[in-house]
Amino acid sequence: MAAKNIDATLYDRMKEVKEFDESKMGVKGLSDSGITSIPQFFIHDPQTLSDLKPPYKHTTTTIPTIDLSHINSAAHRPKIVDQVKSAAKNFGFFQVTNHGVPVSVLGETVNAVKAFHEQPHEVKSKYYKREEGKGVMYASNNDLYRTTAASWHDSLQVWMSPERPEVEEIPEACREEVVAWDLHATKVAEDVMELLSEGLGLEGRRFKELTFSDKRALLGHCYPYCPQPDRTVGITAHTDPGIITVLLQNHVPGLQVRHGNEWLDVKPVPGGLIINVGDLLQITSNGEYTSVQHRVLANSWKEARISVVIFFNLSKWREDGYCGPLPELLSPEKPPVYRDFTAQEFLENFYGKGIDTKSLIEKITIKS
Ligand code: OGA
Ligand code: NI
């Protein structure tokens, strides 16, 4: 009898999820329709909900902000390397300013992604589909069918490299800006990765040679107004799987980063870009850098929160098909903290379940 009840609940949930997905309206469509309560499949479990903290209430610590103006000055670079190293180790997240991208470009990029999401249903729904891994995909909750509770965001996703879609496949509303942003953000990522490599005592170009910037996915997220922000989340707590992530956000708050037992609000710094360490960097650095959990609260502002995220992944793995801590970082005093693993294991872990999946890192940690 009990089992039957559970089945019935699951069935209804799946039906509701599917109807929502097939409507292609996204949460932006639900929000614009003026609903005052959210569908049940968006409601998160009591534990997740009790752990929500509205932004800007009791923040004391914040993630570091690092000024990159003088990275090419021999006098300043070592200090900047130290700052980046310490931030990547202790927070896993930092903001960079004076990164070389004109402020006007940041604004244009956010506005273009916003414009995409604000298009009428007839235009936007043409792009709505679920085919991950290459090309262009617009959908609500990339992991909609893999998670236990959906979150209050829609995303446009463009796999920029190694197989870039035809430019015409990128929606016109943000086409030029997406292409330009990919170039700008990649340059920033490469600069920051050089600093991070040096922080590990490696050649600056080490991660570039490992092809960290040759596999990139760009996501333009939209977190529209949510009528019940205390019952769901904008994006579930997760760690990013790749090497690093570059994140551009508008002024609407909501991003939070785990630090010890606390959730820190990431206040948008005007002109700043957020960088965070992904699982692959924690692993390849043999635990020197930290990939931390982060989440976005459901948006209680009338205005949509927009973020544009680029994930940098390895395009080529080692000749033997494995990835793991870099050999030059290992010694008898510093034995590997993680075992090697295959690309398939990595992908299965990511696409196997929702982004709330137990991190790959926990699975490959060598227990002493
Ligand atoms: C992500 C993510 C945060 C944001 O896409 O992995 O953490 O602010 N996004 O959109
Ligand atoms: Ni993330």
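Note that the structure is a prediction, hence the values are computed from the model and not measured.

### Digging into the overall build of the protein
When helices and strands are counted, the protein shows eleven helices and 14 strands. The globule rule puts the C-alpha radius of gyration for 368 residues at 21 Å, and the 20 Å found for the protein is close to it. Each principal axis of the C-alpha distribution contributes one length, and for the protein these read about 60 × 50 × 45 Å. Burial status across the protein gives 51% buried among its 368 residues. Pairs at least 24 apart in sequence give 78% of the contacts found in the protein among residues at least 6 apart. When the accessible surface of the protein is split by element, carbon and sulfur atoms take 53% of a total near 17000 Å². Charge separation in the protein, taken as the distance between the mean sites of 41 positive and 49 negative side-chain charges, equals 3 Å.

### Concerning the sheet that holds strand β4 (residues 154–161)
Either a parallel or an antiparallel arrangement is found when strands of a sheet pair, and the pairing is made through backbone hydrogen bonds. The strand order across the open sheet formed by eight strands is β1-β2-β10-β7-β12-β5-β4-β3, and the pairing between neighbours is mixed. The open sheet has two free edges, formed respectively by β1 (65–67) and β3 (136–140), since each of these has just one partner strand. Sheet twist, expressed as the average angle between the axes of neighbouring strands with direction ignored, equals 25°. For strand β5 (residues 215–223) and strand β12 (residues 305–313), the ladder comprises nine bridges, and the chain directions are antiparallel. By the bridge assignment for β12, R216 is matched with F312. Helix-sheet contacts for helix α4 (residues 77–90) involve β1, β2 (93–97) and β10 (273–277), and the interaxial angle to β1 is about 160°. Here helix α5 (residues 103–117) sits on the sheet in contact with β3, β4, β5, β7 (244–249), β10 and β12, set at roughly 110° to β12.

### Concerning the sheet that holds strand β9 (residues 262–265)
Strand order in this open sheet of four strands is β6-β11-β8-β9, and the pairing throughout is antiparallel. In this open sheet, the two edge strands, each paired with only one partner strand, are β6 (233–238) and β9. Averaged over all pairs of adjacent strands, the angle between strand axes in this sheet comes to 30°, irrespective of strand direction.

### Structural notes on the site of ligand 1
In the vicinity of ligand 1, the contacting residues are H221, Y223, H238, D240, L247, L255, H294, V296, R305, S307 and F311. Separating an oxygen atom of ligand 1 from a side-chain N or O atom of H221 is a distance of 2.7 Å. For ligand 1, the protein covers 97% of the area, taking 290 Å² as the surface of the free molecule. Placement of ligand 1 is best described as lying within the second largest pocket. Of all the secondary structure elements, the ones that give two or more residues to the shell around ligand 1 are β5, β11 (294–297) and β12.

### A short note on the environment of L49
Summarising the element assignment, L49 is placed in helix α3 (residues 46–50). For L49, a relative accessible area of 18% puts it in the buried group. Sequence-wise, L49 and R231 are 182 residues apart; in three dimensions their C-alpha atoms are separated by 6.3 Å.

### Some points on the coordination of the nickel ion (ligand 2)
Each protein donor to the nickel ion (ligand 2) is listed here as H238 (NE2), D240 (OD) and H294 (NE2); together their distances run 2.1 Å. Counting the intervening residues between successive donors of the nickel ion (ligand 2) yields the motif H-x1-D-x53-H. Of this pair, D240 sits in the loop between β6 and β7 while H294 sits in strand β11, placing them 54 residues apart in sequence.

### Focus on the layout of surface pockets
The volume enclosed by the second largest pocket comes to roughly 770 Å³. Lining of the second largest pocket is provided by 39 residues; of these, Q157, A217, L219, F311 and F350 occupy positions nearest its centre. Counting residues per element, the ones that place at least two in the lining of the second largest pocket are β4, β5, β6, β7, β11, β12 and α10 (343–352). Examining the composition of the lining of the second largest pocket, we find that six residues originate from one element, β5, more than from any other. Looking at the lining of the second largest pocket residue by residue, the classes come out as 17 nonpolar, 13 polar and nine charged.

### Looking at the pattern of salt bridges
Scanning the entire structure with this criterion turns up 19 salt bridges. A salt bridge links K15 to E19, with the shortest nitrogen-to-oxygen separation between them at 3.6 Å. Note that K15 and E19 are positioned in helix α1 (residues 2–23) at a spacing of four residues, about one turn of the helix. By relative accessible area, K15 is classed as partly exposed at 42%. With a shortest N-O distance of 3.1 Å, E190 and K208 are connected by a salt bridge. One end of the pair, E190, is in helix α7 (residues 175–199); the other, K208, is in helix α8 (residues 206–209), and 18 residues separate them in sequence. When its relative accessible area of 33% is taken as the criterion, K208 is described as partly exposed. Ionic contacts of the salt-bridge type, sharing partners, join the residues R77, E194 and E198 into one network.

### As for the environment of D154
By secondary structure assignment, the location of D154 is in strand β4. Along the sequence, D154 and V27 sit 127 residues apart, while their C-alpha atoms lie 6.3 Å from each other. Non-local contacts of D154, meaning those with residues more than four positions away in its chain, are made with G26, V27, K28, H117, Y138, A139, S140, G220, H221 and C222. Of note is the side chain of D154, whose polar atom sits 2.8 Å from the backbone nitrogen of V27. Separated by 3.0 Å, the side chain of D154 and the backbone nitrogen of K28 make a polar contact.

What counts, and at which threshold
- Residues numbered from 1 in each chain as written.
- Chains lettered and ligands numbered in written order.
- Predicted model: local features only at pLDDT ≥ 70, side-chain atom pairs only at ≥ 80, totals over all residues.
- Heavy atoms only, no water.
- Helix = DSSP H or I, 4+ residues; strand = E, 2+ residues; numbered from the N terminus.
- Rg over C-alpha atoms; globule rule 2.2 N^0.38 Å.
- Buried < 20%, exposed > 50% of the residue type's maximum accessible area, 1.4 Å probe, protein only.
- Contact = heavy atoms within 4.5 Å.
- Areas by Shrake-Rupley, 256 points an atom, 1.4 Å probe, with all protein chains shown as cover.
- Lys, Arg positive; Asp, Glu negative; His and termini not counted.
- Charge placed at Lys NZ, Arg CZ, Asp CG, Glu CD.
- Pairing = 2+ DSSP bridges.
- Axes fitted to C-alpha atoms, helices over the stretch in contact; angles between N-to-C directions.
- Near = heavy atom within 4 Å.
- Polar contact = N/O pair within 3.5 Å; in protein donor to acceptor, adjacent residues only side chain to side chain.
- 1 Å grid on protein atoms, 1.4 Å probe; cavity = no way out; pocket = protein on both sides within 12 Å on 5 of 7 lines; lining within 4 Å.
- Sits in = over half its atoms within 2 Å of the grid points.
- Donors = N, O, S within 2.8 Å, 3.2 Å for Na, K, Ca; no water.
- Points joined across faces, edges and corners; volume = space filled by probe spheres on them.
- Nonpolar A, V, L, I, M, F, W, Y, C, P; charged D, E, K, R; others polar.
- Salt bridge = Lys/Arg side-chain N within 4 Å of Asp/Glu carboxyl O.

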